[in-house]
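Chain by chain, the residues:
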Amino acid sequence: MLELPEAAAMAKQLKKAVSGKTVATVVAGHSPHKFAFFNGDPETYPDLLVGQTIRSAERHGGFVELVLDDVRLLMGDGVNPRYHPDDSAVPAKHQLLLGLNNGAFLVCTVQMYGAMMAFRPGEFDNPYYDGAVAKPSPLTGAFTKKHFRSLVDAAPDKLSLKGLLATEQRIPGLGNGCLQDILFVARLHPKAKVTSLSGDDVDRLCKTVVGVLKDMPAKGGRDTEKDLYGQPGGYRTLLSAKTFGKPCPGCGGTIERAAYLGGNVYFCQTCQPL
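Residues numbered from 1 in each chain as written. Predicted model: local features only at pLDDT ≥ 70, side-chain atom pairs only at ≥ 80, totals over all residues. Heavy atoms only, no water.

So what exactly am I meant to see when it comes to the sheet that holds strand E5 (residues 72–75) here?
The strands that make up a sheet are held in pairs by hydrogen bonds between backbone atoms, and each pair lies either parallel or antiparallel. Strands sit in the order E2-E9-E5-E4-E3 across an open sheet of 5 strands; the sheet is mixed. Because the sheet does not close on itself, it has two edges, and the strands there are strand E2 (36–38) and strand E3 (54–60). In this sheet, neighbouring strand axes are inclined to one another by 15 degrees on average, regardless of whether the strands run parallel or antiparallel. On top of the sheet, helix H1 (residues 4–18) reaches E3, strand E4 (63–68) and E5; it is set at about 170 degrees to E3, its chief contact. In this fold helix H3 (residues 127–134) packs onto E3, E4, E5 and strand E9 (114–119), with an angle of close to 85 degrees to the strand it touches most, E4. (Pairing = 2+ DSSP bridges. Helix = DSSP H or I, 4+ residues; strand = E, 2+ residues; numbered from the N terminus. Axes fitted to C-alpha atoms, helices over the stretch in contact; angles between N-to-C directions. Contact = heavy atoms within 4.5 Å.)

Shown next, in the form of structure tokens:
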């Protein structure tokens, strides 16, 4: 699933691979999928996109945005964009296909759910996108201790650390996947209440959020996810489905898993005491 590190790494790859290329063909909604979402009628996508030249690719939280002449194409969490230099490896099933003027293809597929939204600037209203554009990103200097403390101070009394970091997009692009390593490095339990944090805990957590989220895209994203070319990211996750049941990298104990707030959390009881 696209989170901030993968969106950042993929935007960088897309910028290099497709900038300057013109969209020659578009197929939208080829393989019906109940949870593949479009902005408006996908049948209008060819009229919107064909003939447009891709100028750049940007990252906004967990979104990847292609910037074309006068249209934007936004790909969100759950979309798997892949670049194919020719049609030999284009999958038979896909939700959005862009044929480029150099003979290459950009293909988007959706497994669980995902959104591919084409729109003209000023004609798109989405609170998640607006928040991702407007809120400070941990990848920039705008994400300060003061800003992070304001998120902590505004949190409801019963909110857990997972709730703080990975729900309601308080930090756009930070989801349940990135959450695991952040809390492990900070030595904090995902079920711990925000009100239990000391001032030093808050400062350490802020520093860890920034440090881990910068390290992940610098290495091409997490090894639990794949990049534009279908290759796993180079960041080796400390806590994830890949490491569940294995020795903790901190103490050698066993990495545990529990269902919590709509997804699994991974932790070490010794390194992250509750």
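What am I meant to see in the sheet that holds strand E7 (residues 96–100) here?
The strand order across the open sheet built from 4 strands is E1-E7-E8-E6, with neighbouring strands paired in antiparallel fashion. With one partner strand each, in any of the chains shown, strand E1 (23–28) and strand E6 (79–84) form the two edges of the open sheet. Within the sheet, the average angular offset between the axes of one strand and its neighbour, ignoring direction, is 15 degrees. In the sheet, E7 pairs with strand E8 (residues 105–110) via 4 bridges, with the strands oriented antiparallel. The residue bridging Leu96 from the neighbouring strand is Cys108, located in E8.

Help me out: how do you make sense of the layout of surface pockets in this one?
Over the atoms rolls a probe the size of a water molecule, and in doing so it shows where empty space is left. Approximately 1000 Å³ is the volume attributed to the largest pocket. Looking at the largest pocket, it is lined by 39 residues, and the ones nearest its centre are Met1, Glu3, Asp77, Tyr113 and Gly175. Within the residue set of the lining of the largest pocket, elements represented by two or more residues are E9, helix H5 (161–166), helix H6 (176–186) and strand E11 (263–267). When its residues are assigned to classes, the lining of the largest pocket shows 15 nonpolar, 18 polar and 6 charged. Estimates place the volume of the second largest pocket at around 290 Å³. Breaking the lining of the second largest pocket down by element, the ones donating at least two residues are H1 and E6. Among the elements that take part in the lining of the second largest pocket, E6 stands out by supplying 4 residues, more than any other. (1 Å grid on protein atoms, 1.4 Å probe; cavity = no way out; pocket = protein on both sides within 12 Å on 5 of 7 lines; lining within 4 Å. Points joined across faces, edges and corners; volume = space filled by probe spheres on them. Nonpolar A, V, L, I, M, F, W, Y, C, P; charged D, E, K, R; others polar.)

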